[in-house]
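Now for the letters of each chain:
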Amino acid sequence: TQLLEQSPQFLSIQEGENLTVYCNSSSVFSSLQWYRQEPGEGPVLLVTVVTGGEVKKLKRLTFQFGDARKDSSLHITAAQPGDTGLYLCRGGSEKLVFGKGTKLTVNP
Amino acid sequence: GAGVSQSPRYKVAKRGQDVALRCDPISGHVSLFWYQQALGQGPEFLTYFQNEAQLDKSGLPSDRFFAERPEGSVSTLKIQRTQQEDSAVYLCASSPSRTSGRVYTQYFGPGTRLTVL
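About the thresholds
- Residues numbered from 1 in each chain as written.
- Chains lettered and ligands numbered in written order.
- Predicted model: local features only at pLDDT ≥ 70, side-chain atom pairs only at ≥ 80, totals over all residues.
- Heavy atoms only, no water.
- Contact = heavy atoms within 4.5 Å.
- Buried area = accessible area lost by both parts, 1.4 Å probe.
- Salt bridge = Lys/Arg side-chain N within 4 Å of Asp/Glu carboxyl O.
- Polar contact = N/O pair within 3.5 Å; in protein donor to acceptor, adjacent residues only side chain to side chain.
- Helix = DSSP H or I, 4+ residues; strand = E, 2+ residues; numbered from the N terminus.
- Nonpolar A, V, L, I, M, F, W, Y, C, P; charged D, E, K, R; others polar.
- Disulfide = S-S within 2.5 Å.
- Buried < 20%, exposed > 50% of the residue type's maximum accessible area, 1.4 Å probe, protein only.

## Things to note about the interface of chain A and chain B
- On the side of chain B, 20 residues touch chain A, which itself brings 21 residues to the contact.
- Summed over both sides, the interface between chain A and chain B buries roughly 1,500 Å², with carbon and sulfur atoms accounting for 46% of that surface.
- Applying the counting criterion to the chain A and chain B interface returns zero salt bridges.
- For the interface between chain A and chain B, the tally reads five residue pairs in polar contact (both at pLDDT 80 or more).
- For the side of chain A that touches chain B, the secondary-structure elements that each account for two or more residues are β4 (31-37), β5 (44-49), β9 (85-92) and β10 (96-98) of chain A.
- The leading source of residues in the side of chain A that touches chain B is β4(A), at four residues.
- Looking at the side of chain A that touches chain B residue by residue, the class counts come to eight nonpolar, eight polar and five charged.

Given below as structure tokens:
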């Protein structure tokens, strides 16, 4: 079973700051997804990356897939309180598994 | 609403009781998934259906867990003789795709929070 390590586990920042969270594995992914989960809700898909070196942008969020397809990062520019939530990465080959997530809190 | 719905949203059970959790997927979605999410953890895969066929149940933690989707739409996850370690949020997701993995979009419900006392 492929394992996904997410870091940091917790992150608390002020509104307007930039941040990066990471998702790493020793195995190669055929694809990787990032989700955001708010309290009391299910995860919501943000992006899917499939090509090594791929960069995708979603407004203030930038997703990068490592060249070797073993790691990924999510960068948020000028964070807002509405960005608060649990950010989960999900990847794999035959089976997709979730990381434990990064719990982000953006304080006003 | 057009999203995935789950009921009940909250369930409290005494240890040893049986519980049944319901998932209504998005209409027309072929694939349905169940996950277990413990506090502070990411979701863990339990089982997967394609229409009414249960194609993968490798994530079910014990034979006390049973899932069905008899008509290929609504699904029920049943837990018999609940234990305290079963306390978690149980998430259901559906997808229009026929694939169990690879690249696809899953739409998650809000989950059922099960607390076993």
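## Things to note about the environment of Leu45(A)
- Residue placement: Leu45(A) occurs in strand β5.
- For the pair Leu45(A) and Phe65(A), spaced 20 residues apart in sequence, the C-alpha separation works out to 16 Å.
- Sequence-distant contacts of Leu45(A), that is, excluding residues within four places in its chain, are made with Gln33(A), Trp34(A), Tyr35(A) and Thr105(B).

## Focus: the pattern of salt bridges
Residue and element names in this part refer to chain B.
- Throughout the structure, instances matching the rule amount to five salt bridges over all chains.
- Between Asp24 and Arg22 there is a salt bridge, with the nearest N and O atoms lying 2.7 Å from each other.
- For the salt bridge of Glu68 with Lys78, the shortest nitrogen-to-oxygen distance reads 3.4 Å. Here Glu68 is found in strand β7 (residues 65-68), whereas its partner Lys78 is found in strand β8 (residues 75-79), with ten residues between them in sequence.

## Structural notes on the state of the cysteines
- If you walk through the whole model with that rule in mind, you get two disulfides over all chains.
- Between Cys23(A) and Cys89(A) runs a disulfide, and the two sulfur atoms are separated by 2.0 Å. Looking along the S-S bond of the Cys23(A)-Cys89(A) disulfide, the torsion reads about 75 degrees, which is the right-handed sense. In this pair, Cys23(A) sits in strand β3 (residues 19-24) while Cys89(A) sits in strand β9, placing the two residues 66 residues apart along the sequence. Neither residue differs from the other here; Cys23(A) and Cys89(A) are each classed as buried.
- Between the sulfur atoms of Cys23(B) and its disulfide partner Cys92(B) the distance amounts to 1.8 Å. Residues Cys23(B) and Cys92(B) are joined through a disulfide that is left-handed, its torsion about the S-S bond being -65 degrees. One end of the pair, Cys23(B), is in strand β3 (residues 19-24); the other, Cys92(B), is in strand β9 (residues 88-95), and 69 residues separate them in sequence.

## Digging into unusual backbone geometry
All names here are of chain A.
- The linkage connecting Ser7 with the following residue, Pro8, adopts the cis geometry, with an omega of -10 degrees.
- The residue Pro8 is located in the loop between β1 (5-7) and β2 (10-14) in this model.
- Despite not being glycine, Arg69 has its phi angle at roughly 60 degrees, a positive value.
- The residue Arg69 is located in the loop between β7 (61-65) and β8 (71-76) in this model.
- Overall, the relative accessible area of 29% leaves Arg69 in the partly exposed class.
- Even without a glycine there, the phi angle at Ala78 is positive, about 50 degrees.

Nothing here speaks to function; it is geometry throughout.
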